Amino acid sequence: PYGGFVEYPKDHLLKLLPRKNVPVTQTLHENSKTEDVLQIMEEIGLDFPVILKPNMGERGFGVEKIHDRLALEDYLKGAQGTILLQEYVSTLMEYGVMVAKIPGETRFKITSVVVKAPLIVHGDGRRTLGEVVKTHSRGQYHWIKLKEIFQDQWEEITEAGKPYLLVEIGNHNRGSTFLNGNHLITDQLERVFDQLARQVPGFFLGRFDAKAQDAEALARGDFKIMELNGVN
């Protein structure tokens, strides 16, 4: 719908891709109850933490890592429309691989790769977590939300040299840094994503968001596709 610009269901696209490259995913209907979701988790072999996200949504809106039953209840109270329940992929490295194919051409080409670096700050042994976040180049733009999430640690003195993972959702507006990864484009990587893109009928342009252990794993095809985005 709309060329994948807005309002397209994520679950439809994920179902077209090889199972080995997709996290365990289940579509939850509107107004799903906590007990129903817990039962579904048991049936499909998922335990906390899990990821919940709107089936139709953009720029990381509504994407949350759910750690326990209480967080699940809170999320469901404010959820609207269908939701995706998804396996939590603990790998921190995320890549956005943009592919394109002119109609009539035989092979997809990778036009760009972005490396999505999670929001991490490092302690200095002198300042509180809140002080470190407020002076961080990217953390300073998200400190109000982060203070709410890390309220128990906000006023604690940080450990010198210790990394504090604040946001691992790979979206720019959530705090991730997008880095140029075009040096990772190789013939091998193009072959891997050409095969993936061919699984989607009528697809010519879009971006695969993939989590992999590292660039070598990405090139081997050892990764999980979190989403396939259309022309947006």
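Structure: above.
The text that follows walks through the structure, step by step, so that each part is easy to find. (Residues numbered from 1 in each chain as written. Predicted model: local features only at pLDDT ≥ 70, side-chain atom pairs only at ≥ 80, totals over all residues. Heavy atoms only, no water.)

For the rest of this paragraph, the subject is the overall build of the chain. Helix and strand counts for the chain come out as seven helices and eleven strands. Its C-alpha atoms give the chain a radius of gyration of 19 Å, near enough to 17 Å, the size a compact globule of 232 residues would have. For the C-alpha atoms alone, the extent of the chain along its principal axes is close to 60 × 45 × 30 Å. Per-residue burial over the chain gives 44% buried out of 232 residues. Counting only contacts in the chain whose residues sit at least 6 apart along the sequence, the fraction spanning at least 24 positions is 69%. Of the roughly 12,800 Å² of accessible surface on the chain, a fraction of 51% belongs to carbon and sulfur atoms. (Helix = DSSP H or I, 4+ residues; strand = E, 2+ residues; numbered from the N terminus. Rg over C-alpha atoms; globule rule 2.2 N^0.38 Å. Buried < 20%, exposed > 50% of the residue type's maximum accessible area, 1.4 Å probe, protein only. Contact = heavy atoms within 4.5 Å. Areas by Shrake-Rupley, 256 points an atom, 1.4 Å probe, with all protein chains shown as cover.)

Attention now moves to helix 2 (residues 34-44). Within the sequence span of helix 2, burial applies to Thr34, Val37 and Met41. For helix 2, the arc enclosing every buried residue in end-on projection is 65°, short of the 170-degree limit, so these residues lie on one face. More than 90 degrees from the buried face of helix 2, the exposed residues found are Glu42 and Glu43. Immediately downstream of helix 2, the backbone of Gly45 shows phi near 80°, a positive value. (Arc of directions from axis to C-beta.)

With that settled, the discussion passes to the layout of surface pockets. Quantified by volume, the largest pocket comes out at close to 870 Å³. Lining the largest pocket we find 24 residues, and of these Glu64, Lys65, His67, Ile149 and Phe150 sit closest to its centre. Those elements that provide at least two residues to the lining of the largest pocket are strand 3 (64-66), helix 3 (69-78), helix 5 (143-149) and strand 8 (163-167). A class-by-class count of the residues in the lining of the largest pocket yields twelve nonpolar, four polar and eight charged. (1 Å grid on protein atoms, 1.4 Å probe; cavity = no way out; pocket = protein on both sides within 12 Å on 5 of 7 lines; lining within 4 Å. Points joined across faces, edges and corners; volume = space filled by probe spheres on them. Nonpolar A, V, L, I, M, F, W, Y, C, P; charged D, E, K, R; others polar.)

Considering soluble globular proteins, one finds that nonpolar side chains tend to be buried as a cluster. In terms of nonpolar packing, the biggest core is built from 30 residues, with Val99, Phe193, Phe208, Leu218, Phe223 and Ile225 touching the most fellow members. Residue assignment for this core shows that the elements contributing at least two residues are helix 1 (10-14), strand 5 (94-100), strand 6 (109-117), helix 6 (187-197), strand 10 (205-211), helix 7 (215-220) and strand 11 (224-229). When residues in this core are grouped by element, the largest group, five residues, is from helix 6. Beyond its immediate chain neighbours, meaning those up to four positions away, Phe208 contacts Leu17, Tyr95, Gly96, Val97, Val99, Phe193, Leu196, Ala197, Phe203, Ile225, Glu227 and Leu228. Val63, Tyr88, Leu119 and Val121 belong to the second-largest nonpolar core, a separate cluster that totals 15 residues. (Core = buried A, V, L, I, M, F, W, Y, C linked by side-chain atoms within 4.5 Å.)

Next up on the list: the sheet that holds strand 5. If you walk across this open sheet you meet the five strands as 9-6-5-10-11, and the pairing is antiparallel. One side of each edge strand has no neighbouring strand; the edge strands of this open sheet are strand 9 (177-180) and strand 11. Ignoring which end each strand starts from, the neighbouring axes of this sheet average 25° apart. Taken strand by strand, helix 6 contacts strand 5, strand 6, strand 10 and strand 11, and its axis lies near 100° from that of strand 6. (Pairing = 2+ DSSP bridges. Axes fitted to C-alpha atoms, helices over the stretch in contact; angles between N-to-C directions.)

The next point concerns the side chain of Arg138. Considering the arrangement of structural elements, one finds Arg138 in the loop between helix 4 (129-135) and helix 5. Put simply, Arg138 is tucked away with no salt bridge, and the nearest opposite charge, on Glu94, sits 13 Å away. (Lys, Arg positive; Asp, Glu negative; His and termini not counted. Salt bridge = Lys/Arg side-chain N within 4 Å of Asp/Glu carboxyl O.)

In this structure the tally under the stated criterion is 13 salt bridges. Across the pair Glu227 and Lys53 runs a salt bridge, and its minimum N-O distance is 3.4 Å. Residue Glu227 is located in strand 11, and its partner Lys53 is located in strand 2 (residues 50-54); the two are separated by 174 residues in the primary sequence. Assigned by exposure class, Glu227 and Lys53 land together as buried. Residue Arg126 pairs with Asp124 through a salt bridge whose shortest N-O separation is 3.4 Å.

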